[in-house]
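# An overview of the molecular structure
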Amino acid sequence: MQNVRQEKLLAMLLERGDWMTSRQLAGLLGVSDRTIRSDVEAVNRRMDPAPIKSHVRQGYRIAENAKLSLPAAGKESPESEIPQTPGARCIYIIQKLLFEARELNLVSLQNQIYVSGYSIDNDLRRIRRMLEPYAGLKLVRNRERISLKGDEAGKRRFYRDLLIAEVQDNFLNMNLLANLYKSFDLLAVKDIFVETLEEYDYSIHESMFLMVLLHAGTSIERMNCANYVSMDNVSQDLEDTIEYQISKTFYQRVSKRLHIEIHGGEVGMFALVIMGKRSSSYTNDFVNFNGKWLNTKKLVTEALEGIYSLFGLDFREDADLIAGLKIHIHGLIDRVKAKVHIQEVLAEEIKRQYPFVYEMGIYVVELLQDKLETSIAEAESCYIALHLGGASERINSVWKYRTIMIIPHNQTFSDMCVKKISEMFKERMEVVGVFSYFEEETALALAPDLILTTFPLEHKLNVTTVSINLFVDSETESGILQMLNKLDKKRFQLELTSYIGKLIRREHFHENVDLQTPEEIIDMLCSGLEKEGIVEPEFQDIVLKREQMSPTSFVDTFAIPHAFGAFASHSTIAVAMLKNPVRWGNFHVRIVMLFATNEGDERMIKVFFDWISNLVNHPEELAKIVSSCTYEEFMDRIMG
């Protein structure tokens, strides 16, 4: 009988369906190449015929005559369950400590995520660095157990900042959604929808477009299986709206293109989705479930209050989110009554890429289960998470630091001070409260990022505090500016750790590369990504064409070759640590980091350019990054 790791090994090879090197497998399972060879031998000894073929150069794959199958539908692949990079492991551990357990057993943790004690120690050091800006939080180790100590307010602030970093300009993308729907082409449906909107001269807010299209895709998927929604709780006036006409025209064209039957309920429901926050005027707040009348608006309000209380994210005034969740809950209740389920097309992606958003979705479903006194499919958590993720991105798109001011002086001078500072820093901060005295509970209720005070102030809150002059002199201006820059740096580091840290995989990290030209290095890195199926063969030509425009070298250290546009199946960064410096444009470089981005991930390049720009001004950190090192050491330095 195989042990758990050997079962994971078999499942990975089955899922891949092609050759995988021992190094790739070792990286995914967090063991040595030798352990992989031993596991393969053990599996082949126990099973007849031997299920794993081996090749000196190509590695391992499942034999054609092997009688094996993938896990049952609905279960995630082992690879998706296991965090596979240091950044992903850090998020995994933080999530466990925030939401699931007061403490973690490190030995059990090693067995769960298949890494060594050395790797876990490195991850704990990374988490401690992530916690440094939060004075009240501390990762405490007691022998083989760890816990996150600190006040609840500090934990919520930390969670909020992680969430904002997680969805930074990148909450899903069109290509991802298109790949998830198998029975039709979502991109073609998108084109039909855009064409219809243009004909009616109607626009939808950019932050809502993906959610609207997702609703259309899910509806079409369900109608393909002859499952339809009813519209018992909708006003008859809905049919007179332009949104209803848009929805009707759109579905008529979809029906003609995909040869599916459209019911009136689907047209009306999609019209409400297009309306967004205006849909509340056309829907009844009440729905009957098993003889009990439920107020869906009240359920949404209670859910958002709970999210604010538990996670520190304030969505309570987001009218588009409230309307979207209300519509979703009406549909959810209809599905529970009819005992039908929506497909879990997004579950794996959301769990892996957006664990904190997903956690909020789980919370809402648990609340609904308590109210309905019945079980609800996990897929509903994913779709609710999409609504919440979109709302998080809207918050982030207009992000300003929440600031309170403590000014115990006369009203005239106070107003002048507040007005001057508000105008001076209006692009970066928002004054959400002005008080003549300080009270911790009152301040905490406003969830501030920054406190400005005209008198010496001591408090226990984990909030940055700056002393200012009532008349806002140059020293005050400089002090506020410096503190805002420090807050930006903290947010940037969180984003780098929780977002970029997931993209540099062990199998795409190359040590001691002995090549002499940029073309040879690009060829090696692109060939590796092509072999993995991440990019197409023409990607290399596109990268080289970009290099011809202007070399992507960055001082005497880095080169960052990349393509203009999204050409990867999923965003990846391939790294080459060079044995000897290579002439690259006007510089000699020692590290090459090749970007391959998927649609929606273009911000990744900006984040890395910002990071490198910052490194240039810190020679000691730069020297550490470029020195020869292993994958683990490199990740430790890049996220330090």
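Residues numbered from 1 in each chain as written. Predicted model: local features only at pLDDT ≥ 70, side-chain atom pairs only at ≥ 80, totals over all residues. Heavy atoms only, no water.

A word on the overall build of the protein chain. Check the secondary structure of the protein chain and you find 26 helices and 16 strands. With 640 residues in all, the protein chain has 52% of them scored as buried. Within the protein chain, contacts between residues separated by at least 24 positions form 72% of all contacts whose residues are at least 6 apart in sequence. Accessible surface for the protein chain amounts to roughly 30,100 Å². Of this, 48% is attributable to carbon and sulfur atoms. (Helix = DSSP H or I, 4+ residues; strand = E, 2+ residues; numbered from the N terminus. Buried < 20%, exposed > 50% of the residue type's maximum accessible area, 1.4 Å probe, protein only. Contact = heavy atoms within 4.5 Å. Areas by Shrake-Rupley, 256 points an atom, 1.4 Å probe, with all protein chains shown as cover.)

Ranked by internal contacts, the top residues of the largest apolar core, which has 107 residues, are Phe193, Phe250, Phe270, Ile307, Phe315, Leu368 and Leu388. Looking at which element gives the most residues to this core, the answer is helix 17 (residues 355-372), with 10 residues. What Leu388 contacts, discounting residues up to four positions off in sequence, is Leu304, Ile307, Phe315, Leu321, Met360, Gly361 and Val364. Within the second largest apolar cluster, 25 residues are counted, among which are Ile560, Ile612, Leu615 and Met639. (Core = buried A, V, L, I, M, F, W, Y, C linked by side-chain atoms within 4.5 Å.)

Bringing helix 5 (residues 86-100) into the picture now. Relative to the 21 Å expected for 15 residues at 1.5 Å per residue, helix 5 spans 20 Å between its end C-alpha atoms, a close match to the ideal helical length. Across the 15 residues of helix 5, 13 count as buried, placing the element largely inside the fold. (Expected span 1.5 Å × (residues − 1).)

Inspection of the secondary structure puts Thr249 in helix 12 (residues 242-258). Of the residues examined, Thr249 reaches a relative accessible area of 13% and is grouped as buried. Among residues more than four places away in sequence, those in contact with Thr249 are Thr196 and Tyr200.

In this section: the sheet that holds strand 8 (residues 401-406). The strand order 9-8-10-11 describes an open sheet built from 4 strands, whose pairing is parallel. A strand with exactly one partner marks an edge of an open sheet, and here the two such strands are strand 9 (429-435) and strand 11 (464-467). Sheet twist, expressed as the mean angle between neighbouring strand axes with direction ignored, is 25°. Looking at chain direction, strand 8 and strand 10 (residues 450-453) are connected through 4 bridges and run parallel. Directly across from Ile406, in strand 10, lies its bridge partner Thr453. (Pairing = 2+ DSSP bridges. Axes fitted to C-alpha atoms, helices over the stretch in contact; angles between N-to-C directions.)

In the structure shown here, the tally under the stated rule is 21 salt bridges. Across the salt bridge formed by Arg316 and Asp314, the nearest N and O atoms sit 2.8 Å from each other. The exposure class of Arg316 is partly exposed, given its relative accessible area of 27%. By relative accessible area, which is 37% here, Asp314 ends up partly exposed. (Salt bridge = Lys/Arg side-chain N within 4 Å of Asp/Glu carboxyl O.)

Take the pairing of strand 5 (residues 145-149) next. Direction of pairing for strand 3 (residues 103-105) relative to strand 5: antiparallel, over a ladder of 3 bridges. Paired with Asn105 across the bridge in strand 5 is Arg145. The sheet contact formed by strand 4 (residues 138-142) and strand 5 spans 5 bridges and is antiparallel. The residue bridging Asn142 from the neighbouring strand is Arg145, located in strand 5. If you look at the hairpin formed by strand 4 and strand 5, you'll find 2 residues sitting between the two strands, and Arg143 has a positive phi there, around 60°.

This brings us to the sheet that holds strand 5. Taking strand neighbours across the sheet as the criterion, the 3 strands line up as 3-5-4 in an open arrangement whose pairing is antiparallel. Each edge of the open sheet carries a strand with a single partner, namely strand 3 and strand 4. Neighbouring strand axes in the sheet, compared pairwise and without regard to direction, differ in orientation by 20° on average. Packed on one face of the sheet, helix 5 meets strand 3, strand 4 and strand 5 and runs near 65° to strand 5.

Attention now moves to the environment of Ser381. Mapped onto the fold, Ser381 is located in helix 18 (residues 379-397). Along the primary structure Ser381 and Tyr358 are separated by 23 residues, whereas in three dimensions their C-alpha atoms are 7.0 Å apart.

A word on the pairing of strand 7 (residues 292-295). Look at any regular strand and the pattern is simple: side chains alternate between the two faces of the sheet. Relative to strand 7, strand 6 (residues 286-289) is paired through 4 bridges, and the arrangement is antiparallel. Bridged to Phe286 within strand 7 is Asn295. Between strand 6 and strand 7, which pair antiparallel in sequence order, lie 2 residues; one of them, Asn290, sits at a positive phi of approximately 55°.

Here the protein chain averages 83 in pLDDT, while 87% of its residues score no lower than 70. Across residues 70-80, confidence stays below pLDDT 50; counting only partners more than four residues off in sequence or on other chains, it has 18 contacts. (pLDDT = per-residue confidence, 0-100.)

Further remarks concern the side chain of His562. Structurally, the position occupied by His562 is in the loop between strand 14 (558-559) and strand 15 (572-584). Here His562 falls in the buried class, since its relative accessible area comes to 4%.

This paragraph deals with the packing of helix 7 (residues 117-131) against helix 26 (residues 631-638). Relative orientation of the contacting elements helix 7 and helix 26 amounts to 5°, with a least axis distance of 10 Å. As far as their axial angle goes, helix 26 and helix 7 are roughly parallel. Within the contact between the two elements, helix 7 uses Tyr118, Ser119, Asn122, Arg125, Arg126 and Arg129 and helix 26 uses Glu632, Met635 and Asp636. Each residue belonging to the contact of helix 7 with helix 26 can be placed in one class, and the counts come to 2 nonpolar, 2 polar and 5 charged. (Parallel < 35°, antiparallel > 145°, perpendicular 65-115°, else oblique. Nonpolar A, V, L, I, M, F, W, Y, C, P; charged D, E, K, R; others polar.)

A full pass over the atoms with the stated rule returns 10 aromatic pairs. For the ring pair Phe509 and Tyr631, a centre distance of 5.7 Å and an interplane angle of 70° mean the geometry is edge-to-face. Note that Phe509 is positioned in strand 12 (residues 509-513) and Tyr631 in helix 26, a separation of 122 residues in sequence. Taking relative accessible area as the criterion, Tyr631 reaches 4% and is therefore assigned buried. An aromatic cluster is built from Phe193, Phe209, Phe250, Tyr251 and Phe270, whose rings are joined through pairwise contacts. (Phe/Tyr/Trp six-rings, centres within 6.5 Å; stacked < 30°, edge-to-face > 60°.)

In this section: the packing of helix 5 against helix 7. With their axes 9 Å apart at the nearest point, helix 5 and helix 7 run at an angle of 70° to one another. Between helix 5 and helix 7, the interaxial angle falls into the category roughly perpendicular. Here Pro86, Arg89, Cys90, Ile93 and Ile94 of helix 5 come into contact with helix 7, specifically with Ser119, Asp123, Arg126, Ile127 and Met130.

If you trace the backbone, Arg156 turns up in helix 8 (residues 152-166). Here Arg156 falls in the partly exposed class, since its relative accessible area comes to 27%. Distance in space between the C-alpha atoms of Arg156 and Leu310 is 7.3 Å, their sequence separation being 154 residues. The contact partners of Arg156, leaving out residues within four places of it in the chain, are Tyr308, Ser309, Leu310, Phe311 and Gly312.

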